[in-house]
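Structural features, examined
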Amino acid sequence: MHATALAHSNIALVKYWGKRDRALNLPVAGSLSLTLGGLATTTTVHFRPELESDLVSLDGRELRPGSVAHRRIADFLDLVRNDAGITSFAEVETANNFPTAAGLASSASGFAALALAATHAAGQQLTDAQLSVLARRGSGSAARSIFGGFAEMSAGTRADGRDAHARALAGPEHWDLRCVVAVTTQGEKDVSSTEGMTRTQETSPLFEPWARTVDADIAQARHAVETRDFALLGRVAERSCLGMHASAMAADPGVIYWNPTTIEVIHRVRRARRDGLQIFFTIDAGPHVKVFCPARELSALRSVLSQIDGVNDLIVARPGQGAHLLES
Ligand code: PMV
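Parameters at a glance
All residue numbers refer to position in the chain's written sequence, counted from 1. Local features in a predicted model are, by the rule used here, given only for residues with pLDDT of at least 70; side-chain atom pairs are given and counted only at 80 or more, and totals for whole chains, interfaces and linings are based on all residues. Each domain's limits were defined by an automated method or a database of domain assignments. Throughout, a residue-residue contact means that the two C-beta atoms, derived from backbone geometry, are no farther apart than 7 Å. Counting from the N terminus, the helices are the DSSP runs of H or I reaching at least four residues and the strands are the DSSP runs of E reaching at least two. Working rule for helices: expected span equals 1.5 Å times residues minus one. Once C-beta atoms are placed from the backbone, each residue is buried if 20 or more other C-beta atoms lie within 10 Å of its own, exposed if 12 or fewer, and partly exposed for counts between those two. Here, nearness is defined through the C-beta atom: a residue counts as near a molecule or strand if that backbone-placed atom lies within 6 Å of it. Each residue is assigned to one of three groups, with Ala, Val, Leu, Ile, Met, Phe, Trp, Tyr, Cys and Pro labelled nonpolar, Asp, Glu, Lys and Arg labelled charged, and all others, Gly among them, labelled polar. In this analysis an axis means a line fitted to C-alpha atoms, helices contributing only their contacting stretch, and an angle means the value between N-to-C directions, from 0 to 180 degrees. Each angle gets one of four labels, with under 35 degrees taken as roughly parallel, over 145 as roughly antiparallel, 65 to 115 as roughly perpendicular, and the rest as oblique. Left-handed describes a crossing in which the near helix is turned anticlockwise from the far one by less than a right angle; the clockwise case is right-handed.

Looking at the domain arrangement of the protein chain
Many analyses report the size of an interface as the accessible area lost when the parts associate. Once the domains are mapped, the protein chain shows domain 1 (2-173) and domain 2 (177-319). Taken together, the contact pairs 28 residues of domain 1 with 33 residues of domain 2. Of all the secondary structure elements, the ones that give two or more residues to the side of domain 1 that touches domain 2 are β1 (2-14), β4 (31-48), β8 (150-153) and β9 (166-170).

Shown next as structure tokens:
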């Protein structure tokens, strides 16, 4: 009863921010993303009757039972056990091929890989939509990493969340884009996305107005993807990102994910665009900036970003595959 799966991270171009149900992790609105080849999590799950608790190792280090990270994974395994009707604990080995410590989102690739490996190890064969529903329980953005290329997440309308899952919009070969992650100096202690969303939803006067823009942004972004309209996709992505962060900053107390380098990168990207480079940026619940360009502009983009003080590292990703099983 074991299986190994690989899933890639993804970056939202129309952001998910806010939950309509916290227990089931249901989003207030949809979102749209690109799965990032190169930023991968590989996870092996082995259900073993002799274990007395779940044994989890992350990048070779064992997670302490009772720690937040261990509990999140054990709770997720409980969902799989309940569904499959098994009681064994599991040994889980998970590893990221990108620096977890750099604060890059690993929950999307992590829970997508765990959903696929754990269900297979439990003897289940789920459809992609069912896997996406399951991955969503671990992390909202993980629902999108089940699919390769561009994916669109639906908020769904059902109370049980069975229609709140992602679907594929266009495969990784559809559009030869690059996404360069500008890893900026770490700022203050991070606010988790769940904490940031909750505070924004509960206290920010800008949350509702922003949430009302999401459906129209998704429709435009979908059209931009279908027609490979880079300028349109960039316009939608930047306003979705800035609107999401504006709503978070207007919470009480304000949630600020950016550091000075984050803002410097935003300005440099806009200046380079005025100078003729085809690029746009987006930022998640952290200080790093993800900058998109058509593949042919990659070296020009790298040289813009590498000249910025405070940018510590550049990680280049291309459109990636959906979650899949590996021979173990
Ligand atoms: O999947 P979560 O709960 O870590 O939330 C992701 C939130 C953002 O990354 C900011 C936006 C998104 O859609 O991925």
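The discussion continues.
A few points about helix α2 (residues 107-121)
Over its 15 residues, α2 runs 20 Å from end to end, which matches the ideal 21 Å to within 8%, given 1.5 Å per residue. By the criterion of burial, α2 is predominantly enclosed, with 15 of the 15 residues buried.

Observations regarding the site of the ligand
Of all residues adjacent to the ligand, which total 13 residues, the nearest are Ala12, Tyr16, Ser141, Ser193 and Asp284. Considering only residue class, the shell around the ligand consists of four nonpolar, seven polar and two charged. No fewer than three residues from each of domain 1 (2-173) and domain 2 (177-319) sit in the shell around the ligand.

Topic: the packing of helix α1 (residues 68-84) against α2
In contact at an axis separation of 10 Å, α1 and α2 are set at 40 degrees when each is read in the N-to-C sense. Here α1 is positioned oblique relative to α2, judged by the angle of their axes. The crossing of α1 and α2 is right-handed. Facing α1, whose interface residues are Ile73, Phe76, Leu77 and Val80, α2 presents Phe111, Leu114, Ala118 and Thr119. By residue class, the composition of the contact of α1 with α2 is seven nonpolar, one polar and no charged.

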